[in-house]
Amino acid sequence: MTILVTGGAGFIGGNFVLDWLAGSDELVVNLDKLSYAGNLQTLASLQGDKRHRFVHGDIADRALLGRLLAEHQPRAVLNFAAESHVDRSIHGPGDFIDTNVVGTFNLLEAVRGYWDDLPAADKSAFRFLHVSTDEVYGTLAAEDAPFAEDHRYQPNSPYSASKAASDHLVRAWHHSYGLPVLTTHCSNNYGPYHFPEKLIPLVILNALAGKPLPIYGDGQQIRDWLYVKDHCAAIRRVLDAGTTGETYNVGGWNEKTNLDVVRTICSLLDELRPRADGKGYAEQISHVQDRPGHDRRYAIDARKLERELGWKPAETFDSGIRKTVQWYLDNQDWVAGVTSGHYRDWLDRQYGGQ
Ligand code: NAD
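Basis of the calculations
- Residues numbered from 1 in each chain as written.
- Predicted model: local features only at pLDDT ≥ 70, side-chain atom pairs only at ≥ 80, totals over all residues.
- Helix = DSSP H or I, 4+ residues; strand = E, 2+ residues; numbered from the N terminus.
- Contact = placed C-beta atoms within 7 Å.
- UniProt positions renumbered as here; feature names shortened; annotations may be inferred.
- Pairing = 2+ DSSP bridges.
- Axes fitted to C-alpha atoms, helices over the stretch in contact; angles between N-to-C directions.
- Near = placed C-beta within 6 Å.
- Nonpolar A, V, L, I, M, F, W, Y, C, P; charged D, E, K, R; others polar.
- Parallel < 35°, antiparallel > 145°, perpendicular 65-115°, else oblique.
- Left-handed = near helix turned anticlockwise from the far one by under 90°.
- Buried ≥ 20, exposed ≤ 12 C-beta atoms within 10 Å, placed from the backbone.
- Arc of directions from axis to C-beta.
- Expected span 1.5 Å × (residues − 1).

Participant: Just to check I follow, could you spell out the overall build of the protein chain for this structure?
Facilitator: Within the protein chain, the secondary structure is distributed over 13 helices and twelve strands. By its C-alpha atoms, the protein chain is 65 × 50 × 35 Å across when sized along the principal axes. For the protein chain, the proportion of contacts with a sequence separation of at least 24, taken over those separated by at least 6, is 82%.

Participant: So what exactly am I meant to see when it comes to the UniProt feature "domain: NAD(P)-binding" (unreviewed entry) in the protein chain here?
Facilitator: Within this numbering scheme, the UniProt entry marks residues 4–324 as carrying the feature "domain: NAD(P)-binding" (unreviewed entry). The distance separating the terminal C-alpha atoms of residues 4–324 is 28 Å; by composition the span is 41% helix and 17% strand.

Participant: Help me out: how do you make sense of the sheet that holds strand β7 (residues 188–190) in this one?
Facilitator: The strand order β7-β9-β11 describes an open sheet built from three strands, whose pairing is mixed. Each edge of the sheet is formed by a strand with only one pairing partner; in this case those strands are β7 and β11 (255–257). Adjacent strand axes in the sheet meet at a mean angle of 50°, parallel and antiparallel pairs treated alike. Across the face of the sheet, helix α9 (residues 258–272) comes into contact with β9 (222–227) and β11 while running at roughly 85° to β11.

Participant: Please explain the site of the ligand as it appears in this structure.
Facilitator: With respect to spatial proximity, 31 residues lie near the ligand, and among them Gly 7, Gly 10, Ala 37, Gly 38 and Ala 82 are the closest. Counting residues per element, the ones that place at least two in the shell around the ligand are α1 (11–22), β2 (27–32), α4 (94–116), β5 (127–133) and β7. If you tally residues by element for the shell around the ligand, the top one is α1, at three residues. For the shell around the ligand, the per-class residue count stands at 14 nonpolar, twelve polar and five charged.

Participant: Looking at this structure, how should I read the packing of α4 against helix α6 (residues 158–177)?
Facilitator: Geometry of a packed helix pair, given as the angle between the helix axes and the separation of the axes. Orientation of α4 relative to α6, taken along the N-to-C sense of each, is 15°, at an axis distance of 8 Å. One finds that α4 runs roughly parallel with respect to α6. α4 and α6 meet at a crossing whose hand is right-handed. Contacts between α4 and α6 involve Phe 96, Ile 97, Asn 100, Val 101, Thr 104, Phe 105, Leu 108 and Arg 112 from the former and Pro 158, Tyr 159, Ser 162, Lys 163, Ala 165, Ser 166, Leu 169, Val 170, Trp 173 and Tyr 177 from the latter. Tallied by class, the residues present in the contact of α4 with α6 amount to twelve nonpolar, four polar and two charged.

Participant: What's the story with the environment of Asn 254 in this structure? I'm lost.
Facilitator: Tracing the chain through its elements places Asn 254 in the loop between β10 (247–250) and β11. Overall, Asn 254 belongs to the buried group, with 23 C-beta atoms counted inside 10 Å. Sequence separation between Asn 254 and Arg 223 is 31 residues, and the spatial gap between their C-alpha atoms is 7.9 Å. If we ignore the near neighbours within four places in the chain, the residues touching Asn 254 are Asp 224, Trp 225, Leu 226 and Phe 317.

Participant: What's the story with the sheet that holds strand β6 (residues 181–186) in this structure? I'm lost.
Facilitator: Either a parallel or an antiparallel arrangement is found when strands of a sheet pair, and the pairing is made through backbone hydrogen bonds. Taking strand neighbours across the sheet as the criterion, the seven strands line up as β3-β2-β1-β4-β5-β6-β10 in an open arrangement whose pairing is parallel. With partners counted over all chains shown, the strands left at the sheet margins are β3 (52–56) and β10, one partner each. The sheet shows a mean angle of 20° between the axes of neighbouring strands, direction not considered. Examined bridge by bridge, strand β1 (residues 2–6) and strand β4 (residues 76–79) share four bridges and lie parallel to one another.

Participant: What should I look at first to understand helix α2 (residues 62–72) in this one?
Facilitator: Every α-helix carries 3.6 residues per turn, so stepping three or four residues along brings you back to the same face. What α2 keeps buried is the set Leu 65, Leu 68 and Leu 69. For α2, the angular spread of buried residues about the axis comes to 95°, placing them on one side. Seen from the open side of α2, the exposed residues pointing more than 90 degrees away from its buried face are Ala 63, Ala 70 and Glu 71. Where α2 ends, the next residue or the one after it, Gln 73, has phi of about 45°, a positive value.

Participant: What is the right way to look at unusual backbone geometry in this model?
Facilitator: Outside of glycine, negative phi angles account for most residues, and trans bonds account for most peptide bonds. Even without being a glycine, Tyr 193 presents a positive backbone phi close to 65°. A positive phi is found at Trp 253, a non-glycine position, where the angle reads about 55°. Relative to the elements of secondary structure, Trp 253 occurs in the loop between β10 and β11.

Participant: Explain the environment of Tyr 248 to me, please; I cannot follow it from the model alone.
Facilitator: Position of Tyr 248 among the secondary structure elements: in strand β10. The buried category is assigned to Tyr 248, around which 24 C-beta atoms lie within 10 Å. Not counting chain neighbours up to four residues away, the residues in contact with Tyr 248 comprise Thr 184, Val 238, Gly 242, Lys 304 and Leu 305.

Participant: I'm lost on the pairing of β4 in this one. Help?
Facilitator: For a regular strand, the rule is simple: side chains alternate between the two faces of the sheet. Two strands pair when backbone bridges link them, and β4 and β5 are joined in this way by four bridges, in the parallel orientation. Paired with Val 77 across the bridge in β5 is Phe 128.

Participant: Looking at this model, I keep getting lost on α9. Mind explaining?
Facilitator: Here α9 contains 15 residues, and its C-alpha end-to-end distance of 21 Å stays within 8% of the 21 Å for a straight helix at 1.5 Å per residue. For α9, the complete set of buried residues consists of Asn 258, Val 261, Val 262, Arg 263, Ile 265, Cys 266, Leu 268 and Leu 269. Its buried side turned inward, α9 meets α7 (199–208), β8 (213–216), β9, β11, β12 (285–288) and α11 (317–330).

Participant: Teacher, can you tell me more about the packing of α7 against α9 here?
Facilitator: The N-to-C vectors of α7 and α9 enclose an angle of 40°; their axes lie 10 Å apart at closest approach. With respect to α9, the element α7 is oriented oblique. In the packing of α7 onto α9, the handedness of the crossing is right-handed. Every residue of α9 that contacts α7 at Leu 199, Ile 200, Val 203, Ile 204 and Ala 207 is listed here: Asn 258, Val 261, Val 262, Ile 265, Cys 266 and Leu 269. Among the residues forming the contact of α7 with α9, the class breakdown is ten nonpolar, one polar and no charged.

Written as structure tokens, this is what we have:
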């Protein structure tokens, strides 16, 4: 048996592939364009492992997808591939439309062609799982209930608008063509192998480098944090037991202000790797101008997933953030590879500069 994963060299997709292969002998075909956020070093432990086949390519390349699907006959396709960084989407939205909208459209069309031709038993067992975000729902006021699956879509950034568009395409391919789809909406993830442009790895790495810890505006924006391996477990659960055509919200009931998250990281570093001058890392906190249109609060109501599929996160925020800080302290090689450009050089050698 085989699954096809897209974006499996990224943060969540990479964690998903590693976790999947820790418990399965199925072949994972991993299609990734290796944008700046894709990193094969994350998958270094799989080198030579016959259960993993990496393919360098774009989800918008329908011909390539057609060949991969025909060759490997996967029982499921899981779509993690995306442009994912809100700030980048504000400065350059085009890539977000290309991958998240046009790419998802091409992927759906390739999968539909493959699925249409499957024998009846394989056809009903097949699943297309689309990994999406809570950001499609927009922003919450302090007194609002967390996002449930029936919350209206109200995306505010080019990133969330492009993800919302992709969700609608996935939904339409189910209703119009019968494709057996599942969609998950997860809150903010954190954990190992996170590209250091996002808040948590950025703060850990800047703190260790003696650099300022940038906080947008007053730092009172609230996010609902989930340890990435809990997200991966939720995706496996939805793939196994979810009802096609349904959406599932994934979250850990961990609402935190950005300032609280940064202060927690500073305290952990004070304990695990004290500053040489004896001062606390919180001294490095520096407030910077807020992001335009910055959503104030996200929070996920995960009761449907808990009730219907019996999923529960294994980590609390305290246990997950401690593991994460420790992981960055223990994996400075990975960090150096991502931040130094060495990884890019290696990639150019591997792929002839593609
Ligand atoms: P990421 O940016 O770390 O990884 C994305 C991966 O997709 C990279 O490996 C990149 O090379 C690849 N990719 C980009 N464009 C591609 C294309 N056209 N074809 C093939 N591969 C392509 O992102 P992430 O944080 O791992 O997010 C994965 C998915 O989860 C995204 O769909 C994102 O919207 C969703 N999500 C993320 C979070 C979060 O907190 N990070 C939360 C909820 C949902």
